[in-house]
Amino acid sequence: MVQKIGVIGAGQMGNGIAHVAALAGYDVVMTDVDDARAEAGLDTIRANMDRQVRKEKITDQAFRDAMGRLRVGSTMALFDGADLVIEAASEKEELKKAILRELCPHLGAEAIIATNTSSIPITRLASSTDRPEKFIGMHFMNPVPVMKLVELIRGIATSEETYKIARAFTDRLGKDSASAEDFPGFIVNRILLPMINEAIYTLYEGVGSVEAIDTAMKLGANHPMGPLQLADFIGLDTCLSIMQVLHEGLADSKYRPCPLLVKYVEAGWVGRKVGRGFYDYRHENGPVPTR
């Protein structure tokens, strides 16, 4: 039975996963590369839960109980006794593999490892562990406390028991699950990211401005957010990483990352998290298109 959850990475995805797990009644340990980043992630959870209380999404008692179940730090030793550890580090394969290799000696024999990767093949990541049969992909959507879906992806060695435990955990979080095969990008990003990449090509080729493209898709396709605005929200560096995984893994030119996307990432304009991407978020009167 899963009782103690570990989360590796206190950034946007990691703190979101820790947030919903604590609210669901699990004891949660969240780590990052140093204590300051881990504490910053905890502060984000506290602020987000406080907002949920003010919007009457959760009670004040649920908020206090959940915060009492959360611990943070910077050492893998904190995962001693964990039943399930979810890796939510940056979307870089070698980084994830290094983390997984470091993690395994700190876990009991029955502990399950999940990765929140949005595109990297599960079988490849599982090969870096000592328990590929107890390894599974659990791709949460961003922002985790709001979005209902979790993609569950089995690697070639993932056992049926591991899948059932991951699905039960997803159910207890109040999320819906979709099972995906272990192909680059899985389901959501196999469809979503090429659309975003095509929107960037549309900008690159001068078919429309940032504002025109986003307005067209919001009003013409009833999307809640334009594709360039969404790219900024995801992070252009993450978008590029996913497109590179699709391009390399599927060997089809239709997945070639747009040169303009590469240029923005090289410039460090990677979206909302740094204040500038396809929009500049540093203006008092709201975001202003950068092209």
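The shown structure was predicted, so the numbers you read here are calculated from the model rather than taken from an experiment. (Residues numbered from 1 in each chain as written. Predicted model: local features only at pLDDT ≥ 70, side-chain atom pairs only at ≥ 80, totals over all residues. Heavy atoms only, no water.)

(A) The UniProt feature "binding site: NAD(+)" (unreviewed entry) in the chain, seen in detail. As annotated by UniProt and renumbered to match this structure, "binding site: NAD(+)" (unreviewed entry) occupies Gly9, Ala10, Gly11, Gln12, Met13, Gly14, Asp32, Glu91, Lys96, Ser118, Asn142 and Lys273. By the secondary structure assignment, Gly11 is in the loop between strand 1 (4-8) and helix 1 (12-23). Residue classification places Gly11 among the partly exposed positions, given a relative accessible area of 37%. Filtering out sequence-adjacent residues up to four positions away, Gly11 remains in contact with Gly16 and Asp32. Within the element layout of this structure, Glu91 appears in the loop between strand 4 (84-87) and helix 4 (93-103). (UniProt positions renumbered as here; feature names shortened; annotations may be inferred. Helix = DSSP H or I, 4+ residues; strand = E, 2+ residues; numbered from the N terminus. Buried < 20%, exposed > 50% of the residue type's maximum accessible area, 1.4 Å probe, protein only. Contact = heavy atoms within 4.5 Å.)

(B) Inspection of the packing of helix 2 (residues 35-54) against helix 3 (residues 60-68) at higher detail. In the contact formed by helix 2 and helix 3, the axes pass within 9 Å of each other and the chain directions differ by 165°. Accordingly, the angle class assigned to the pair helix 2 and helix 3 is roughly antiparallel. Crossing hand, helix 2 versus helix 3: right-handed. Between helix 2 and helix 3, the contacting residues are Leu42, Ile45, Arg46, Met49, Asp50 and Val53 on the first element and Asp60, Phe63, Ala66 and Met67 on the second. Along the lines of polarity and charge, the residues of the contact of helix 2 with helix 3 split into seven nonpolar, no polar and three charged. (Axes fitted to C-alpha atoms, helices over the stretch in contact; angles between N-to-C directions. Parallel < 35°, antiparallel > 145°, perpendicular 65-115°, else oblique. Left-handed = near helix turned anticlockwise from the far one by under 90°. Nonpolar A, V, L, I, M, F, W, Y, C, P; charged D, E, K, R; others polar.)

(C) Examining the sheet that holds strand 6 (residues 135-140) more closely. One open sheet accounts for eight strands, arranged 3-2-1-4-5-6-7-8; its pairing is mixed. Looking at the sheet topology across the chains shown, the edges are occupied by strand 3 (70-73) and strand 8 (176-180). The mean inter-strand angle of the sheet, taken between neighbouring strand axes irrespective of direction, is 25°. In terms of strand pairing, strand 6 meets strand 7 (residues 149-154) through five bridges, oriented antiparallel. Each bridged residue has a counterpart across the sheet, and for Gly137 the counterpart in strand 7 is Ile153. Packing of helix 2 onto the sheet brings it into contact with strand 2 (27-31) and strand 3, and relative to strand 3 it is tilted by some 155°. (Pairing = 2+ DSSP bridges.)

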